[in-house]
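Overview (structure and organization)
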Amino acid sequence: MERLLHYVWKYKLYPTATLRTTDGRAVAVIDPGMPNTDAGPDFFNAKIKIDDTLWAGGVEIHTKASDWLVHHHDKDKAYDAVVLHVVEVSDCMVCRTNGEEIPQLVLSVPESVKQNIDWLLYRDVSLPCLGQIPEIEPLHITSWLAALLGERLERKTDDIFRLLDQYAADWNEVFYITLTRNFGFGVNNDIFERLAKSLPFKYIQKQRGSHSQVEALLFGQAGMLSEKIDCHYYRLLQREYQFLQHKFGLVPLDDSQFKSLRTRPINFPHLKLAQLASVWVQYDTLFSVILEAGSVGQIKQCFRVRPSDYWETHYHFRYASAPKDKVIGESSLCVLLINTVVPVMFAYGVKNKRPEYCDRAIRILETLPPEKNSIVAGFSRAGINVCHAADSQALIQLKREYCEKKKCLYCRIGFRLLKR
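Report follows, based on the coordinates. (Residues numbered from 1 in each chain as written. Predicted model: local features only at pLDDT ≥ 70, side-chain atom pairs only at ≥ 80, totals over all residues. Heavy atoms only, no water.)

Here we take up the overall build of the protein. Counting secondary structure elements, the protein contains 17 helices and eight strands. Each principal axis of the C-alpha atoms in the protein carries an extent, and together these give about 90 × 45 × 40 Å. Here the protein holds 420 residues, and the buried ones make up 50% of them. (Helix = DSSP H or I, 4+ residues; strand = E, 2+ residues; numbered from the N terminus. Buried < 20%, exposed > 50% of the residue type's maximum accessible area, 1.4 Å probe, protein only.)

Below, the structure written as structure tokens:
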């Protein structure tokens, strides 16, 4: 496997004392070089000592030496800078375009590495390394979690930047779309995002002087006002939406796409839209308020708004409930901060070259409790100390981008286990 040979070369997972070229010259790897993701040799800026001569240049790696010819490197000047050809099987010698022979090193993947990679990649379990994690020094785990958090924030920043490109760099619109998506609380995220994109934020801003009109916009655009229900409040929203629909030229969604089945009543999409409406009635430009907030408590307070009176005794238009305060709970607040406030604030800091906002975003994660889900629970049982939401976000990145994609070769935990 050529990829594994790359890995062994990059991390020097081979006995270094006995390296020799195919013509018998001693080889010392001073620096294996930097992986090259563009055209040209696999590694660049390598430093290789062959006998008493120090060479600096590229290193090309193939399973078989003859792959050099198969890939036509002998006719490509980009490969003239190669100072060492590393192969698992030497079935021919190779040359530069001018005919000069290139030193060649036969490098076998150590048997221990082969066994470990088979054990990691091909066992029929989702996380084969879990039982071995306690053998890894906590310092290595901590540094890997920090790197994973950076990757996750970078990925979310890319998502925010794509929205900025689509919406003319309007941070309020992007925050509105991101927040609405996350009011779907997992099961309804996609359809809540579609709702936001079908209902421009400026329409909500224009009507925010009327609570019933903001609710009518959200419920009507979600397709939830098309039934015949004998309720004064429901008929009021219908009339309001009919007027606003005509005014703004809106086309409602199909309400069947909103899921309530096997969802706790507190997370019914109807109640979530009522809570969201109250947020936008309270705040015109919420993102600016959040940027200026002095503490996590102040940010949470922005979302502790009370829905209209109707929702004190309802979770759904068709289902009444015993009177209950429907203010957003603490666990839901944490979800909104983790998935909305933190990524948008971090992206804002990156975009505007304001690192203090990036630092604030990370500090928010470090003040929130870790998320409770099967991913975090699995790693926690394996011995990883999960202290706060920054750790749980890092573990979600690890599971989704490395474990599920079988990228053990690129995981620092996998590296430690392969190196044994």
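Having put the structure on the table, let's press on.
As a further point, take the packing of helix H5 (residues 171-182) against helix H10 (residues 269-282). Between H5 and H10, the shortest axis-to-axis distance is 11 Å and the interhelical angle comes to 155°. Relative to H10, H5 is oriented roughly antiparallel. Note on packing geometry: the crossing formed by H5 with H10 is right-handed. Where H5 approaches H10, its residues Phe 175, Tyr 176, Leu 179 and Thr 180 are matched on the opposing element by Leu 276, Val 279 and Trp 280. Counted by class, the contact of H5 with H10 contains six nonpolar, one polar and no charged residues. (Axes fitted to C-alpha atoms, helices over the stretch in contact; angles between N-to-C directions. Parallel < 35°, antiparallel > 145°, perpendicular 65-115°, else oblique. Left-handed = near helix turned anticlockwise from the far one by under 90°. Contact = heavy atoms within 4.5 Å. Nonpolar A, V, L, I, M, F, W, Y, C, P; charged D, E, K, R; others polar.)

Moving on: the pattern of salt bridges. Per the counting criterion, the structure on display carries 16 salt bridges. Close ionic contact of Asp 23 with Arg 25 constitutes a salt bridge, the shortest N to O distance being 3.2 Å. With a relative accessible area of 47%, Asp 23 lands in the partly exposed category. Here Arg 318 ties to Glu 227 by a salt bridge, and the two come within 2.8 Å at their closest N and O atoms. Note that Arg 318 is positioned in the loop between strand E7 (314-316) and strand E8 (319-320) and Glu 227 in the loop between helix H8 (211-221) and helix H9 (232-248), a separation of 91 residues in sequence. The exposure class of Arg 318 is partly exposed, given its relative accessible area of 47%. Here Glu 227 falls in the partly exposed class, since its relative accessible area comes to 29%. Taken together, the salt bridges that share partners define one network made up of Arg 181, Asp 190, Glu 193 and Lys 197. (Salt bridge = Lys/Arg side-chain N within 4 Å of Asp/Glu carboxyl O.)

Next up on the list: the nonpolar core. With 107 residues, the main nonpolar core has Phe 303 and Phe 317 as its most contacted residues. Of all the elements, helix H13 (residues 330-351) adds the most residues to this core, at twelve residues. In contact with Phe 317, other than residues within four places in its own chain, are Phe 219, Met 224, Leu 225, Ile 229, Tyr 233, Tyr 234, Leu 237, His 270, Tyr 310 and Trp 311. Ile 48, Val 59, Val 83 and Leu 105 belong to the second largest nonpolar core, which has 27 residues in total. (Core = buried A, V, L, I, M, F, W, Y, C linked by side-chain atoms within 4.5 Å.)

Moving on, we come to the side chain of Thr 340. You can see Thr 340 is positioned in helix H13. Residues within four places of Thr 340 in sequence aside, it is in contact with Phe 175, Thr 178, Leu 179, Asn 182 and Val 335.

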